[in-house]
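Chains, contacts and geometry: an overview
Now for the letters of each chain:
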Amino acid sequence: TDQAHIRNFCIIAHIDHGKSTLADRLLEYTGTISSREMTEQVLDQMELERERGITIKAQAVRMLYTARNGEQYELNLIDTPGHVDFTYEVSRSLAACEGALLVIDATQGIEAQTLANLYLALEADLTIIPVINKIDLPSADPERVRQEVEDVIGLPASECLLASAKEGIGVSEILEAIVERIPPPHGNLGRPLRALVFDSHYDSYKGVIAYVRIVDGSVRVGDRIAMMATGSVTEVIEAGYFQPRMVSTQILSAGEVGYLATGFKNVKDCRVGDTATVPEVLGQIEPLPGYKPAKPMVFAGFYPVDSDDYPLLREALERLQLNDASLSFEPETSAALGFGFRCGFLGLLHMEIIQERLEREYGLRILATAPNVEYYVTKRNGEVVKVDNPSAFPPPGEIEKIEEPWVELSIFSPARYIGPIMELVTARRGVFKEMKYIEADRVLLTYRMPLAELIVDFHDQLKSRTQGYASLDYSFAGYREADLVKLDILVNGQPVDALSIIVHRSEAYRRGRALVEKLHKLIPRQLFEVPIQAAIGSRVIARETIKALRKDVLAKCYGGDVTRKKKLLEKQKEGKKRMKMVGSVEIPQEAFMAVLSLK
Ligand code: GDP
Ligand code: MG
């Protein structure tokens, strides 16, 4: 297709504002997929995504649309992930487009991720088409939202299109606007290939499938290509586009969006944001801007509940990583939990998704340690170490200073919740930056806050304090020094490594107390007295004692019939398997699970 007849666009929206539903309607209207084939929300393919209503992987679909001017256009819809954990993926998907439909729920108005996504789209220089969705709902107030678009976003209210993705209202106007308002691509066909990889997935037959936007030149099946960031070279096994099934073709050329089957065995060879070119010009032409390797921000230990599952857990993580270059993991041993992995994630949602997939797709039961961030620790001897695991923290005496990551936080909320939000953020060491009124009764609050405070239950707290009305977005805002300590939990004098956490000094007592009390309730009595302590270095800050067992329980079984005794012993053996030894104390697995889910 000549570039004048191509339009590349994406849909951006706050979660639940109707992005996927609108995408489905566009596919249906253009006949890309018949309504009979239309299962609900085709673009959200993974079961998990569907259940959670979030899109993890960007997808691209080619539609053919005959406009009112009688000409046929190739419209490439690139679906972007809708969650803050995946900002970088969103930005790469946007870089593959010239325009964006900005979907806003007519009953909700602009929310945190509406703006966050809009800013990313503006950075990518996209033409924005505002679409006010859900106008079929009785509580819809499109006029109010129009005004918001003008006041907050600065786009003329008259440019807003009104739609109901559910009822199919406004779909043809949206398609016309895509053709009329979004500029066609302006690639240079005569130059060497430059293709932006905006997503990829692993296919066991064809290797890594790269989702690409051809910026300059063209690529054919059988061509050799080179990845500019990784230097990997391969041959294109197959080229094509999505409709939404994969349709193979001989060539993809400047301006087009599609896929390349690369034969690479790992997505690491073909990273999101990288530029594919021809090996001959490697090092001679500029890569497309914006590449950066995904960097994990949140870390946790993952341990199989059943230690026999360790090899399966490794295999499962390896498989997930084939598709997800932002997931990192390395083996880790814990005296208390045995063999496991220290995993790195983009954010908390990413961590939850991985844990859920391990459990659901691989039938694994996972014990996850409390998530933590990565600290920069400067030692007295001048050495700086990066620590992503509390048990690897240097002893207090060796530490000169500790720095932790901070984020800039945007919260949208009805004005009546300003008080509770301030309270929550301040209790989490947040610092107020500014407040803007969006409307008479809605505000945008901006704060700076340690990331560590955000990953422990912050989102749920925010939702519950604002009755679900507030929305949240954040971006990384550098490292800052902090007065942090490592809090150890000791059972019978032995530190339980899996329970160590890094906390702000001012929070150490409260957290230590809570952990000690909880463990006190959960650890069964032993034949001897067991102290449970919380300590910073060698200083104990909280203590409880489990009293010794007085009577020998087994006394009950002397005499009696043999089968009953056997059964009892069997049962005890079963129970033993789920016990973890810490020093000479047996701690039931359930105690760890309960403590680790402690907020
Ligand atoms: P996404 O998170 O932006 O992809 O939003 P979805 O497309 O998954 O939509 C979220 C919810 O809003 C779903 O329950 C949809 O059925 C519903 N929805 C989407 N568009 C409309 C609409 O135009 N009208 C109504 N009444 N509901 C809609
Ligand atoms: Mg969706």
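Procedures and definitions
Residues numbered from 1 in each chain as written. Chains lettered and ligands numbered in written order. Predicted model: local features only at pLDDT ≥ 70, side-chain atom pairs only at ≥ 80, totals over all residues. Heavy atoms only, no water. Helix = DSSP H or I, 4+ residues; strand = E, 2+ residues; numbered from the N terminus. Buried < 20%, exposed > 50% of the residue type's maximum accessible area, 1.4 Å probe, protein only. Areas by Shrake-Rupley, 256 points an atom, 1.4 Å probe, with all protein chains shown as cover. Core = buried A, V, L, I, M, F, W, Y, C linked by side-chain atoms within 4.5 Å. Contact = heavy atoms within 4.5 Å. Pairing = 2+ DSSP bridges. Axes fitted to C-alpha atoms, helices over the stretch in contact; angles between N-to-C directions. Salt bridge = Lys/Arg side-chain N within 4 Å of Asp/Glu carboxyl O. Near = heavy atom within 4 Å. Polar contact = N/O pair within 3.5 Å; in protein donor to acceptor, adjacent residues only side chain to side chain. Nonpolar A, V, L, I, M, F, W, Y, C, P; charged D, E, K, R; others polar. Phe/Tyr/Trp six-rings, centres within 6.5 Å; stacked < 30°, edge-to-face > 60°. pLDDT = per-residue confidence, 0-100.

1. Examining the overall build of the chain
Of the regular secondary structure elements, the chain holds 14 helices and 33 strands. When burial is assessed residue by residue, the chain has 54% of its 599 residues classed as buried. Surface summary for the chain: the accessible area is close to 26,700 Å², and the carbon and sulfur share equals 50%.

2. Description of the nonpolar core
In this structure, F302, L358, I411 and F458 are the most contacted members of the largest nonpolar core, which totals 51 residues. Those residues within four positions of L358 in sequence are excluded, and the remaining contacts are F302, L313, A316, L317, L320, G363, L364 and I366. V90, L94, L196 and L288 belong to the second largest nonpolar core, which has 40 residues in total.

3. Here's the deal with the sheet that holds strand β16 (residues 275-277)
Across the sheet, eight strands lie side by side as β11-β10-β16-β7-β8-β15-β12-β13; this open sheet has antiparallel pairing. Looking along the sheet, the strands with just one partner apiece sit at the ends: β11 (233-235) and β13 (246-249). Taking each pair of neighbouring strands and ignoring which way they run, the sheet shows an average axis angle of 40°. Bridge count between strand β7 (residues 194-203) and β16: two bridges; the pairing is antiparallel. Across the sheet, residue A195 finds its bridge partner in β16, namely A276.

4. Quick look at the pattern of salt bridges
Going through the model one piece at a time under the given rule, you end up with 31 salt bridges. Among the salt bridges present, the one from E332 reaches R342, with a minimum N-O distance of 2.9 Å. Placement of E332 in strand β18 (residues 328-334) and of R342 in strand β19 (residues 338-345) is noted, with a sequence separation of ten residues between them. According to the relative accessible area criterion, E332 is buried, its value standing at 11%. One salt-bridge network, in which partners are shared between bridges, spans E111, R144, E148 and R442.

5. Observations regarding the pairing of strand β25 (residues 442-450)
Burial within β25 is extensive, with eight of its nine residues counted as buried. The pairing of strand β23 (residues 399-414) with β25 spans nine bridges and is antiparallel. Within β25, the residue paired with F412 across the bridge is L444. Two strands pair when backbone bridges link them, and strand β24 (residues 431-439) and β25 are joined in this way by seven bridges, in the antiparallel orientation. Across the sheet, the residue bridging to E439 is R442, located in β25. The antiparallel hairpin formed by β24 and β25 contains two residues in its connecting segment.

6. Topic: the site of ligand 1
Around ligand 1, a shell composed of 17 residues is seen, among which D16, K19, S20, T21 and D136 lie nearest. The separation between an oxygen atom of ligand 1 and a polar main-chain atom of D16 is 2.7 Å. Interatomic distance of 2.9 Å between a backbone N/O atom of A165 and an oxygen atom of ligand 1. When isolated, ligand 1 has an accessible area of 580 Å², and the protein chains bury 81% of it. Broken down by element, the residue count for the shell around ligand 1 peaks at three residues, all from helix α1 (residues 19-29). Along the lines of polarity and charge, the residues of the shell around ligand 1 split into three nonpolar, nine polar and five charged.

7. Let's talk about the packing of aromatic side chains
On inspection of all chains with the given rule, the structure shows twelve aromatic pairs. Each ring, one from Y310 and one from F339, has its centre 5.8 Å from the other, and the planes form 50°; the classification is tilted. Placement of the pair is Y310 in helix α7 (residues 310-323) and F339 in strand β19, with a sequence separation of 29 residues. Here Y376 and Y479 contribute two aromatic rings whose centre-to-centre distance is 3.9 Å and whose plane-to-plane angle is 5°, an arrangement assigned as stacked. In this pair, Y376 is assigned in strand β21 (residues 375-379) and Y479 in strand β26 (residues 471-481), connecting sequence segments 103 residues apart. The partly exposed category is assigned to Y479, whose relative accessible area is 21%. By way of ring pairs, the aromatic residues F198, Y211, F242 and Y259 are connected into one cluster.

8. Remarks on the environment of R245
Along the polypeptide, R245 turns up in the loop between β12 (238-242) and β13. With relative accessibility at 58%, the residue R245 sits in the exposed group. Expressed as a C-alpha distance, the spacing of R245 and R62, which sit 183 residues apart in the sequence, is 9.9 Å.

9. A look at the side chain of E238
With respect to the secondary-structure elements, E238 resides in strand β12. Separated by 3.3 Å, the side chains of E238 and K206 make a polar contact. The residues contacting E238, other than those within four sequence positions of it, are K206, V221, S248, Y259, L260 and A261.

10. What to know about the environment of Y376
Distance from Y376 to R480, taken between C-alpha atoms, is 9.4 Å for residues 104 residues apart in sequence. Those residues in contact with Y376, other than ones at most four positions away along the chain, are V384, V385, K386, K401, I402, E403 and Y479.

11. Structural notes on the side chain of E453
Mapped onto the elements, E453 comes out in helix α10 (residues 451-454). Residue E453 is classed as buried on the basis of its relative accessible area, which comes to 14%. A distance of 3.0 Å separates a polar atom in the side chain of E453 from a polar atom in the side chain of R429. Among residues more than four places away in sequence, those in contact with E453 are R428, R429 and F458.

12. Thoughts on the confidence of the model for the chain
Parts of the model with low pLDDT should not have their predicted coordinates read in detail. Considering every residue of the chain, the mean pLDDT works out to 87; 89% of them sit at 70 or more. Segment residues 52-58: pLDDT under 50, and 31 contacts once partners within four positions in sequence are set aside and those in other chains are kept. Of the two predicted TM-score estimates for the complex, the pTM is 0.76 and the ipTM is 0.99.

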